[in-house]
Amino acid sequence: MKPPARFRIFENPDSACARAVDGIAHLVSERAILGRQVVLGLVTGETSLPFFKELIYRHRQEGLSLKNVVTFNTDAYVGVDGSHPASLKSFMQRHLFDHVD
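A quick note: this is a predicted structure, and the numbers were derived from the prediction, not measured.

**Focus on the packing of aromatic side chains**
Part 1: According to the stated counting rule, one finds one aromatic pair in the structure shown.
Part 2: Between Phe51 and Phe52, the aromatic rings sit 6.1 Å apart at their centres with planes inclined by 55°, giving tilted as the arrangement.

Okay, here's the thing in structure tokens:
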């Protein structure tokens, strides 16, 4: 029998994002000591923006380095070139990658 699903309820998106980034920051630090990368699967869109803002904040204010983080995205538009403003690559550059190491 599978254990019951565990979940948490947060007051707002910012507190949920802060908790998620706590876990990521811890994992990044652990893996850096071992010389290993962290792989994150990310989604694009407006709901991801508070999460990206928290990562950027931690990078700028607390020195969280993301240089050993590899990301892949779960969505993209078929046939849209990466240089197009509506592309996944453009979105990620604009909202995350241009702001971290």
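**Brief notes about the pairing of strand β1 (residues 38–42)**
Part 1: Covered by surrounding structure in β1 are Val38, Leu40 and Leu42 only, the residues Val39 and Gly41 on the alternate face being uncovered.
Part 2: As judged from the five bridges shared by β1 and strand β2 (residues 69–73), these two strands associate in the parallel manner. Counterpart to Leu40 in the pairing with β2 is Thr71.
Part 3: Note on the crossover from β1 through helix α2 (residues 49–62) to β2: the handedness is right-handed.

**Topic: the packing of helix α1 (residues 13–34) against α2**
Part 1: Interhelical geometry of α1 versus α2 gives an angle of 50° and a closest axis separation of 9 Å. Taken together, the axes of α1 and α2 lie oblique to each other. For the pair α1 and α2, the crossing hand works out as right-handed. Taken together, the residues of α2 that come into contact with α1 (itself represented by Asp14, Cys17, Ala18, Ala20, Val21, Asp22, Ile24 and Ala25) are Pro50, Phe51, Glu54, Leu55 and Arg58.
Part 2: Tallied by class, residues from the contact of α1 with α2 come to nine nonpolar, no polar and four charged.

**Description of a nonpolar patch on the surface**
Part 1: Where nonpolar side chains cluster on the molecular surface, the patch consists of Val39, Val70 and Phe72 and spans about 270 Å² of accessible area.
Part 2: Counting through the fold element by element, Val70 comes out in strand β2.

The rules behind each value
Residues numbered from 1 in each chain as written. Predicted model: local features only at pLDDT ≥ 70, side-chain atom pairs only at ≥ 80, totals over all residues. Heavy atoms only, no water. Phe/Tyr/Trp six-rings, centres within 6.5 Å; stacked < 30°, edge-to-face > 60°. Buried < 20%, exposed > 50% of the residue type's maximum accessible area, 1.4 Å probe, protein only. Helix = DSSP H or I, 4+ residues; strand = E, 2+ residues; numbered from the N terminus. Pairing = 2+ DSSP bridges. Right-handed = clockwise from strand over helix to strand, strands pointing away. Axes fitted to C-alpha atoms, helices over the stretch in contact; angles between N-to-C directions. Parallel < 35°, antiparallel > 145°, perpendicular 65-115°, else oblique. Left-handed = near helix turned anticlockwise from the far one by under 90°. Contact = heavy atoms within 4.5 Å. Nonpolar A, V, L, I, M, F, W, Y, C, P; charged D, E, K, R; others polar. Patch = residues over 30% accessible without salt bridge, like charges linked within 9 Å, V, L, I, M, F, W, Y side chains within 5 Å. Areas by Shrake-Rupley, 256 points an atom, 1.4 Å probe, with all protein chains shown as cover. Salt bridge = Lys/Arg side-chain N within 4 Å of Asp/Glu carboxyl O.

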